Amino acid sequence: MRFRDKLALIVAFSAGAVIGVVFFDLLPEAISLGEKQYGIPLVCAVIVGGFLFYMVLDRLSILHSHEHTGHNETRGRLGAGSLSIHSFLDGVSMGIAFQVSPAIGLLIAVAVISHDFADGVNTVSVILKAGGKSKSAYLWLFADAVAPVLGVISTLFFKIPESLFGMLLAVFSGFFLYIGASDLLPESRQNNPGFVTALLTIAGIAVLYLATFLAKG
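Rules and cut-offs
Residues numbered from 1 in each chain as written. Predicted model: local features only at pLDDT ≥ 70, side-chain atom pairs only at ≥ 80, totals over all residues. Heavy atoms only, no water. Helix = DSSP H or I, 4+ residues; strand = E, 2+ residues; numbered from the N terminus. Buried < 20%, exposed > 50% of the residue type's maximum accessible area, 1.4 Å probe, protein only. Contact = heavy atoms within 4.5 Å. Areas by Shrake-Rupley, 256 points an atom, 1.4 Å probe, with all protein chains shown as cover. Phe/Tyr/Trp six-rings, centres within 6.5 Å; stacked < 30°, edge-to-face > 60°. Patch = residues over 30% accessible without salt bridge, like charges linked within 9 Å, V, L, I, M, F, W, Y side chains within 5 Å. Salt bridge = Lys/Arg side-chain N within 4 Å of Asp/Glu carboxyl O. Expected span 1.5 Å × (residues − 1). Bend = angle between axes of the 7 residues up to and from the residue. Core = buried A, V, L, I, M, F, W, Y, C linked by side-chain atoms within 4.5 Å.

**A look at the overall build of the protein chain**
Here comes step 1: For the protein chain, the helix and strand inventory stands at 7 helices and 0 strands.
Here comes step 2: Burial status across the protein chain gives 46% buried among its 217 residues.
Here comes step 3: Counting only contacts in the protein chain whose residues sit at least 6 apart along the sequence, the fraction spanning at least 24 positions is 81%.
Here comes step 4: Carbon together with sulfur atoms contributes 72% to the accessible area of the protein chain, which is approximately 11,000 Å² in total.

Following this line, the structure appears as structure tokens:
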């Protein structure tokens, strides 16, 4: 919030973080969980389907926001909502992991806590970038923070088959690929085309790689 005037630089880091989440966390897990029952080609097709579905939602939100407001706030809420749902699924994965083994649960918990810091930055970024107010950004940040806790609690009442959970991760891989590569990355370059934005995007990817490597390695 304090560095709102540097939003392009924060968005550049967020783009790298979102893309890093896909390639180092969501995508490997989706393939690992889904390949035995569905096969890698179908998992990849679901990822593409998630990408295209989010693209259509994005286009519709742009049209809607242009008709009803002067800003693209609906688009920001769509991105923040996706991040919050992803955080909820992070909590679900944590709860399921603890059901399997306390040791595995602890590893997943470290991974979730590590990259949820980046999720918080990303949530605020997409709201502010879309013209949202600070109050809205704080509310979505709170939602993103609470979502993993609710996800853990929900696993006390049901269990998601590993194969189905893998396909859900595949869908969110497509969602986040679109948010990072087709939304955040071009936005950061447009507002600050300097080399610094490229370095910050690389830094965002590196931070997520390091967090995932430490958690799973």
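**Here's the deal with the environment of Val43**
Here comes step 1: Within the secondary structure layout, Val43 lies in helix α2 (residues 40–68).
Here comes step 2: Residues Val43 and Val171, spaced 128 residues apart in sequence, show a C-alpha to C-alpha distance of 8.8 Å.
Here comes step 3: Discounting chain neighbours no more than four positions away, the residues touching Val43 are Ala30, Ile31, Gly34, Glu35, Met167 and Ala170.

**Side note on the packing of aromatic side chains**
To describe a pair of aromatic rings, one takes the distance between the centres and the angle between the planes.
Here comes step 1: For the structure on display, the rule yields 7 aromatic pairs.
Here comes step 2: Measuring from ring centre to ring centre gives 6.2 Å for Phe53 and Phe175, while their planes differ by 20 degrees; the resulting arrangement is stacked. Here Phe175 lies in helix α6 (residues 162–191) and Phe53 lies in helix α2, a separation of 122 residues in the sequence.
Here comes step 3: Judged by its relative accessible area of 47%, Phe53 is partly exposed.
Here comes step 4: Joined through ring pairs, the aromatic side chains of Phe51, Phe53, Tyr54, Phe172, Phe175, Phe176 and Tyr178 make up one cluster.

**What about the side chain of Ser173?**
Here comes step 1: With respect to the secondary-structure elements, Ser173 resides in helix α6.
Here comes step 2: Owing to a relative accessible area of 0%, Ser173 belongs among the buried residues under this scheme.

**Topic: a nonpolar patch on the surface**
Here comes step 1: On the surface, a cluster of nonpolar side chains totalling about 640 Å² of accessible area is made up of Val149, Leu150, Ile153, Leu156, Phe157 and Phe158.
Here comes step 2: Secondary-structure assignment places Leu150 in helix α5 (residues 134–154).
Here comes step 3: Owing to a relative accessible area of 45%, Leu150 belongs among the partly exposed residues under this scheme.

**Quick notes on α5**
Here comes step 1: Taking 1.5 Å of rise per residue, 21 residues should cover 30 Å, and α5 covers 30 Å from first to last C-alpha, within 8% of that figure.
Here comes step 2: Along its length, α5 reaches its greatest deviation from straightness, about 30 degrees, at Ala147, and the proline Pro148 lies no more than four positions downstream.
Here comes step 3: Residues Ala137, Asp144, Ala147, Pro148, Gly151 and Ser154 constitute the buried set of α5.

**Some thoughts on the nonpolar core**
Here comes step 1: If you look at the biggest cluster of nonpolar residues, it comprises 36 residues, and the most contacted ones within it are Phe176 and Leu184.
Here comes step 2: The dominant element in this core, judged by the number of residues it contributes, is α6, at 11 residues.
Here comes step 3: When residues no more than four places from it in sequence are discounted, the contact partners of Leu184 are Val11, Ser14, Ala15, Val18, Val126, Lys129 and Ile179.

**With respect to the side chain of Ser154**
Here comes step 1: Inspection of the secondary structure assignment puts Ser154 in helix α5.
Here comes step 2: Discounting residues that sit within four places of it in the chain, Ser154 has contacts with Phe88 and Val92.

**A word on the environment of Leu139**
Here comes step 1: Inspection of the secondary structure puts Leu139 in helix α5.
Here comes step 2: The class for Leu139 is exposed, based on a relative accessible area of 54%.
Here comes step 3: With 15 residues separating them along the chain, Leu139 and Val124 place their C-alpha atoms 9.5 Å apart.

**Describing the environment of Lys129**
Here comes step 1: Along the chain, the position of Lys129 falls in helix α4 (residues 102–129).
Here comes step 2: The exposure class assigned to Lys129 is buried, which follows from its relative accessible area of 18%.

Don't take any of this as a statement about function, it's just geometry.
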